[in-house]
Amino acid sequence: MAQFNIGMTIVEPGGARTEFRYGSAKVASLMPEYESCHSFLNMLNPANGLAPGDPNRMAARIIESVDVNPAPLRMVLGSQALAATITRLKERIADYETQTALAASTDFPAGE
């Protein structure tokens with residue numbers, strides 16, 4: 001899109017205190033076979049702590065980003081979301097670094 005002078009931003013919001021999360025979310029009947037996957041229910045219960053994100057502030061940052069040039073490729077909203085993103089990226093880098101020999105083993109030998 002850059003060649004047309006059009007920017008784009010991928011917005012990656014963290015948890016926010018919204019009615020969607022704490023009231024109107026509907027969960028289907030839970031199957032015991034997927035018991036290990038039901039931990040997401042904890043985030044729907046405000047008794048387990050409220051999400052740190054303010055949806056009004058998140059919306060304001062998104063609107064403000066329209067005037068940023070060049071547009072940021074990614075915008076992580078919420079300190080919890082940013083911390084989780086950085087942690088996951090560090091894990092991925094560490095995993096990639098273990099693959100140095102494997103990656104090199106698929107190259108043509110020097111001079112070939």
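For the structure itself, look to the data block above.
Source: prediction; values computed, not measured.

> Hey, could you run me through the overall build of the chain in this one?
Counting its secondary structure elements, the chain contains five helices and two strands. Ordered by position in the sequence, the α and β elements of the chain form the string β-α-α-α-β-α-α. By the compact-globule yardstick of 13 Å for 112 residues, the chain is too spread out, its C-alpha radius of gyration being 21 Å. Each of the three principal axes of the chain carries a C-alpha extent, and together these read 65 × 45 × 25 Å. Looking at the chain as a whole, 10% of its 112 residues are labelled buried. A separation threshold of at least 6 residues defines the contact pool for the chain, and within that pool the share at least 24 residues apart is 66%. A distance of 10 Å separates the average location of the 9 positive side-chain charges in the chain from that of its 12 negative side-chain charges.

> Can you walk me through unusual backbone geometry in this structure?
For residues that are not glycine, phi is negative in most cases, and the peptide bond is trans in most cases. A cis amide bond, omega 5 degrees, links Asn69 with the succeeding residue Pro70. Within the secondary structure, Pro70 sits in the loop between α3 (55–65) and β2 (74–77). Backbone geometry places Asn5, a non-glycine residue, at a positive phi of 60 degrees. The residue Asn5 is located in the segment before β1 (10–13) in this model. Given a relative accessible area of 70%, Asn5 falls into the exposed group.

> Help me understand the pairing of β2, please; the structure alone is not making it clear to me.
Consecutive side chains along a regular strand alternate between the two faces of the sheet. On β2, burial follows the alternation: Met75 and Leu77 on one face are buried, whereas Arg74 and Val76 on the facing-out side are not. Summarising the sheet, β1 and β2 pair through four bridges and their orientation is parallel. Residue Pro13 lies in a different strand from β2, and its bridge partner there is Leu77.

> Help me understand the pattern of salt bridges in this model?
Any two side chains of opposite charge can pair, so long as their charged atoms come close to each other. This structure, assessed with the given rule, holds four salt bridges. A salt bridge links Arg74 to Glu12; the shortest N-O distance between them is 3.2 Å. Remark: Glu12 occurs in strand β1 and Arg74 occurs in strand β2; sequence separation between them is 62 residues. Judged by its relative accessible area of 25%, Glu12 falls in the partly exposed class. Notably, a salt bridge pairs Glu91 with Arg88, separated by 3.3 Å at the nearest N-O pair. Of the two residues, Glu91 and Arg88 both sit in helix α4 (residues 79–97), three residues apart, roughly one turn of that helix.

Reading the values: the criteria
- Residues numbered from 1 in each chain as written.
- Predicted model: local features only at pLDDT ≥ 70, side-chain atom pairs only at ≥ 80, totals over all residues.
- Heavy atoms only, no water.
- Helix = DSSP H or I, 4+ residues; strand = E, 2+ residues; numbered from the N terminus.
- Rg over C-alpha atoms; globule rule 2.2 N^0.38 Å.
- Buried < 20%, exposed > 50% of the residue type's maximum accessible area, 1.4 Å probe, protein only.
- Contact = heavy atoms within 4.5 Å.
- Lys, Arg positive; Asp, Glu negative; His and termini not counted.
- Charge placed at Lys NZ, Arg CZ, Asp CG, Glu CD.
- Pairing = 2+ DSSP bridges.
- Salt bridge = Lys/Arg side-chain N within 4 Å of Asp/Glu carboxyl O.

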